[in-house]
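A look at the structure
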Amino acid sequence: CRTASGGPLVCPPLRWGCVFSLGSCQGNSVERKIYIPLNKTAPCVRLLNATHQIGCQSSISGDTGVIHVVEKEEDLNWVLVDGPHPPYMILLDGNLFNRRVMLQLKGTSRVSGLAVAVSKPSPPQGFSPGLKCPNDGFGVYSKDYGPQFAHCNKTVWNPVGSGLSYEDFDFPIFLLEDANETQVIKQCYQDHNVPRDGSGPEYPLCAMQLFSHMHAVTSTVTCMRRSSLQSTFSINPEVVCDPLLDYNVWSTLQPINSSGKVDPKKEVIIVATRIDSHSFFWNIAPGAESAVSSFVTHLAAAEALHKASDVHLLQRNIMFTFFQGETFDYIGSSRMVYDMEKDKFPLRLDNIHSFVELNQVIAEQCHFLLFQVRNLLDILSNSSMGANVTLQEAGYSQPLPPSSFQRFLRARHIPGVVLTDHKTAFQNRYYQSMYDTPENIRMQYPEGLSPEETLEYVTDTAKSLAEVATVVARALYRLAGGANNTSAIQADPKTVSRMLYGFLIKMNNSWFQSIIKPDIKAILGDVPQHYVAVSSPVNTTYLVQYVLANLTGTVVNLTKEECLNPEKTPSSEKELYEYAWVQGSLEPNSTSRVPYCVRSTVHLSKALSPAFELRQWGSTEYSTWTESRWKEIHARIFLVASKELEVTSVGSVSQILCTP
């Protein structure tokens, strides 16, 4: 460090009221000289439903504590009993981030917050902070229908589920995403905070401050009422929470008028998957097995089916549907059912011939759970002949797993099938967790590949999912009335590989860049996450929309002006198709792209729970999940000279200067 004159800056022996800098003193800001910010973190935030608040928050000015590293359970004794400098900020090893440990910490005033280090490799015993019975109470089973299956009485779907995501913590909890930042904290702890010979370390000590104060409290009923009153009577209303919302993505094999109504006599087969996931931490939702494996398979099946030469002649239409917000009590599917019932959607429930859902399909052995239909199983079994996919019927005594299909059955008895890789409990040991990553579905690449080579590399996982997609596409063709040989209906493993790479490893890749509109290219972040959120559409929705359009649409010879304004072109059939002017690929040895116009039947529809349209914030029929608002979220570490300064240092930067 140097003074303005270039000489060395010398601080005298530390006094009360003086904080040491941990990093470089370069820069104009006093704050930057005192704190080391932690830039790669993800907070636990507060969510609310009709009756509860869950998640975490800090005090309004942030919470501070002396850092203690906990790498084994014995280390907790220092935090909970022996340590002389409470409250503590714990750097917790990812393997100890479990319900038993967290409830111990929740029950003490000696803890002011947590920073959780990612466990690498993933915990071998599994880790799921979700519920053992996901979406309980919002599916088809109840005391009035199938009570023997309600509340997971027959099958506990997620046995490793700890319910940790559904607890309420009154201190902040952050995930450390960068191993280098984790090491900086550990080094600071080693240098200053390690107990010596069983006695407490002396000041100065390494401390951490976490900011994540949430505005909403108690429940969705409370926060929505407060926001509504503010909006009604205040000039500058302060909204404290927002409904979880986004859009469903849907398209049809044969075009329909999206603003009209399908003929009541026309039968439609619905194919469905969810496209969202969740974890304990905000916007950390990789969802490799819980969501991505199924919706990628669905997209591949849609592409394969569209390539069949006679699809325009099929007796029944097929609707490919991708639901958002299903993790939170079936937001997307319940909204579509509601819209169908209220004549706010082109289809009515009466149009639905049957329902096929893809739900966690990563294993090569798939199970079909049926409802009121026998020929579906026969068609699926026949379609699997010659494919490396083993199909088994789960049996009529087995309930349906958590699935969008349940919301449709809740409204009407519809023949259908859920395709999944588990007969009873989930095979996925990392359901709704930060560890449901590409490694969880065994995606492996040779070392030394460039990003472009990795994008194009066909993994064994891609081959397996392509086989499943082929079986599904052929079965749908038969179910829709197709009579020709189905051997030519084949999903493309290379397309599946590209999708897995884009949705799980790197969104900002050359293929995704080429198929989206120029004005939304900013959505292509590096690490994909699939949380539904409160602003829409989210990245996942946009990309599913444009991937589906790319795989099932047609490149048409329209200029940019004609593509952006198809209603001005008489032959565009705007009521049947959507048009998108996309970026296109880069020209060889150039930074210029070759844009083009895509015509497709891909549409968006609301994925907002009907509870909010009806203002029934305490509903037990529809999802009521909201997310609290906040002003700032950040984390930082610093050296503190005394217990008194631990308080004053976070309140006023101007008071913590080195003085002679």
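The numbering scheme is per chain: residues are counted from 1 as the chain's sequence reads. For a predicted model such as this one, the threshold for reporting local features is a pLDDT of at least 70, and the threshold for listing and counting side-chain atom pairs is 80 or more; totals across whole chains, interfaces and linings nevertheless cover every residue. The side-chain numbers reported here are obtained from all heavy atoms of the structure, hydrogens and water having been left aside.

For the rest of this paragraph, the subject is the sheet that holds strand 18 (residues 554-556). At least two bridges found by DSSP between two strands is the condition for calling them paired. Labels follow the DSSP assignment, with helices taken as runs of H or I lasting at least four residues and strands as runs of E lasting at least two, numbered in each case from the N terminus. The 3 strands are arranged 18-20-19 in an open sheet whose pairing can be described as antiparallel. Of all strands in the sheet, those bounded by a partner on one side alone are strand 18 and strand 19 (578-582). Strand-to-strand twist in this sheet, taken as the mean axis angle between neighbours without regard to direction, amounts to 35°. Judged from the 3 bridges that link them, strand 18 and strand 20 (residues 596-600) form a sheet pairing that is antiparallel. Considered in strand 20, the bridge of Val556 is made with Cys597. Orientation is described by axes fitted as lines to C-alpha atoms, over the contacting stretch for helices, and by angles from 0 to 180 degrees between their N-to-C directions.

Our focus in this paragraph is the environment of Tyr622. Along the chain, Tyr622 falls in the loop between helix 16 (610-613) and strand 22 (626-628). Along the primary structure Tyr622 and His298 are separated by 324 residues, whereas in three dimensions their C-alpha atoms are 26 Å apart. When sequence neighbours within four positions are dropped, the list of residues in contact with Tyr622 reads Phe138, Ser334, Tyr338, Arg407, Ser609, Pro610, Ala611 and Leu614. Throughout, a contact is declared for two residues whenever any of their heavy atoms are within 4.5 Å.

Turning our eyes to something else, we now look at unusual backbone geometry. When glycine is set aside, most residues are seen to have a negative phi, and most peptide bonds are trans. Look at the link from Lys120 to Pro121: it is a cis peptide, with omega at 0°. With respect to the secondary-structure elements, Pro121 resides in the loop between strand 7 (111-117) and strand 8 (173-176). Here the residue pair Tyr203 and Pro204 is connected by a cis peptide bond, since its omega of 5° sits within 30 degrees of zero. Tracing the backbone shows Pro204 in the loop between helix 4 (179-192) and strand 9 (205-211). Of note in the backbone geometry, Tyr330 takes a positive phi value of approximately 60° without being a glycine. Along the chain, the position of Tyr330 falls in the loop between strand 13 (317-323) and helix 7 (331-341).

For each structure, a 1 Å grid was placed over the protein atoms alone; sets of points admitting a 1.4 Å probe that cannot get out are labelled cavities, open sets with protein on both sides within 12 Å along at least five of seven lines are labelled pockets, and lining residues have an atom within 4 Å of a point. Grid points are joined across faces, edges and corners, and a volume is the space filled by probe spheres set on the points. Throughout the structure, instances matching the rule amount to 6 cavities of 30 Å³ or more. Of the pockets and cavities examined, the largest cavity occupies roughly 180 Å³. Just so you know the grouping, Ala, Val, Leu, Ile, Met, Phe, Trp, Tyr, Cys and Pro go in nonpolar, Asp, Glu, Lys and Arg go in charged, and all remaining residues, Gly too, go in polar. Residue composition of the lining of the largest cavity, grouped by class: 14 nonpolar, 6 polar and 1 charged. Looking at the second largest cavity, its volume works out to about 110 Å³. Looking at side-chain class alone, the lining of the second largest cavity contains 8 nonpolar, 4 polar and no charged residues.

Note on terminology: disulfide denotes any pair of cysteine sulfur atoms within 2.5 Å. Counted according to the given criterion, the structure contains 5 disulfides. Covalent S-S linkage joins Cys133 and Cys152, the inter-sulfur distance amounting to 2.1 Å. Between Cys133 and Cys152 the sulfur-sulfur dihedral comes to about 95°; the bridge is accordingly right-handed. A residue pair is termed long-range when its members are at least 10 positions apart, and Cys133 in the loop between strand 7 and strand 8 and Cys152 in the loop between strand 7 and strand 8 qualify at 19 residues. Summarising the burial analysis for this pair, Cys133 and Cys152 share the class buried. Sequence-ordered numbering of the bonded cysteines in the protein yields a pairing of 1-2, 3-4, 5-6, 7-8, 9-10. Partly exposed residues are those whose accessible area sits between 20% and 50% of the maximum for their type, while under 20% is buried and over 50% is exposed, using a 1.4 Å probe and protein chains only.

Let us look at the pattern of salt bridges. For this document, the term salt bridge refers to a Lys or Arg side-chain nitrogen within 4 Å of an Asp or Glu carboxyl oxygen. Overall, the coordinates contain 19 salt bridges when judged by the stated rule. The partner of Glu613 in a salt bridge is Arg335, and the shortest N-O contact between them spans 2.8 Å. Taken as a pair, Glu613 in helix 16 and Arg335 in helix 7 lie far apart in primary sequence, 278 residues in all. One salt bridge connects Glu621 with Arg407, and the closest N-O pair in it is separated by 3.5 Å. Of this pair, Glu621 sits in the loop between helix 16 and strand 22 while Arg407 is found in helix 9 (residues 405-411), placing the two residues 214 residues apart along the sequence. One salt-bridge network, in which partners are shared between bridges, spans Arg335, Asp339, Lys344 and Glu613.

Our next topic: the UniProt feature "domain: Nicastrin small lobe" (unreviewed entry) in the protein. Within the UniProt annotation, "domain: Nicastrin small lobe" (unreviewed entry) is assigned to residues 43-216. For the annotated span residues 43-216, helix accounts for 17% and strand for 21% of the residues, and the straight-line distance between the end C-alpha atoms is 16 Å. UniProt positions are given in the numbering used here, feature names are shortened, and annotations may be inferred rather than shown by experiment.

The subject of this paragraph is the packing of helix 6 (residues 288-306) against helix 14 (residues 539-552). In the contact formed by helix 6 and helix 14, the axes pass within 9 Å of each other and the chain directions differ by 20°. As judged from the angle between their axes, helix 6 and helix 14 are roughly parallel. The element helix 6 and its partner helix 14 pack so that their crossing is right-handed. Contacts between helix 6 and helix 14 pair Phe295, Leu299, Ala302, Glu303 and His306 from the former with Thr540, Val544, Val547, Leu548, Leu551 and Thr552 from the latter. Here the residues of the contact of helix 6 with helix 14 sort into 7 nonpolar, 3 polar and 1 charged. Each angle gets one of four labels, with under 35 degrees taken as roughly parallel, over 145 as roughly antiparallel, 65 to 115 as roughly perpendicular, and the rest as oblique. When the near helix sits turned anticlockwise from the far one by under a right angle, the crossing is termed left-handed; a clockwise turn instead gives a right-handed crossing.

Right, let's get into the pairing of strand 20. Note that strand 19 and strand 20 share 5 bridges and pair antiparallel. Each residue of the ladder has a partner; that of Val582, found in strand 20, is Tyr596.

Let us look at the nonpolar core. The biggest cluster of nonpolar side chains holds 78 residues, and the ones touching the most others in it are Phe295, Leu500 and Phe503. Element by element, the count of residues in this core is highest for helix 11 (residues 460-479), at 12 residues. By size, the runner-up hydrophobic cluster in this structure holds 37 residues, among which are Phe171, Ala207, Phe280 and Tyr435. Put simply, buried Ala, Val, Leu, Ile, Met, Phe, Trp, Tyr and Cys residues joined by side-chain atoms within 4.5 Å make one nonpolar core.

For the rest of this paragraph, the subject is the side chain of Asn351. Following the sequence through the fold, Asn351 ends up in the loop between helix 7 and strand 14 (352-358). Residue Asn351 is classed as buried on the basis of its relative accessible area of 1%. Within the structure, the side chain of Asn351 is placed 2.9 Å from the backbone oxygen of Asp263, a separation counted as a polar contact. Whenever two N or O atoms come within 3.5 Å, that pair is a polar contact, provided that in protein one can donate a hydrogen and the other can accept it, and provided that, for residues adjacent in sequence, both atoms are side-chain atoms.

The sheet built from 4 strands is open, its strands ordered 4-3-22-10 with antiparallel pairing. The open sheet has two edge strands, strand 4 (53-54) and strand 10 (241-243), and neither has a second partner. Here strand 3 (residues 47-48) pairs with strand 22 via 2 bridges, running antiparallel. Residue pairing across strands places Leu48 opposite Thr626, the latter belonging to strand 22. The sheet strands contacting helix 5 (residues 220-233) are strand 3, strand 10 and strand 22, and the helix crosses strand 10 at an angle near 105°.

Those residues of helix 8 (residues 375-383) that fall on the buried side of the exposure criterion are Leu376, Leu377, Ile379, Leu380 and Ser383. Taken down its axis, helix 8 places every buried residue within 165° of arc, on the same side. Here, the arc refers to the directions that run from the helix axis to the C-beta atoms.

Quick look at the packing of aromatic side chains now. A pair of aromatic rings is counted whenever rings of Phe, Tyr or Trp (Trp by its six-membered ring) have centres within 6.5 Å, and the orientation is called stacked for planes under 30 degrees apart, edge-to-face for over 60 and tilted otherwise. On inspection of all chains with the given rule, the structure shows 26 aromatic pairs. Within the aromatic cluster, the residues linked to one another by ring pairs are Phe97, Phe127, Phe169, Phe171, Phe280, Phe281, Tyr430 and Tyr435. Think of it as a cone above the ring: NZ of Lys or CZ of Arg counts as a charge over the ring if it is within 6 Å of the ring centre and within 35 degrees of the ring normal. Across from the ring centre of Phe169, 5.4 Å away, lies the NZ or CZ of Lys106, which sits over that ring. If you follow Arg636 out to its NZ or CZ, it ends over the ring of Tyr35, 3.7 Å from the centre.

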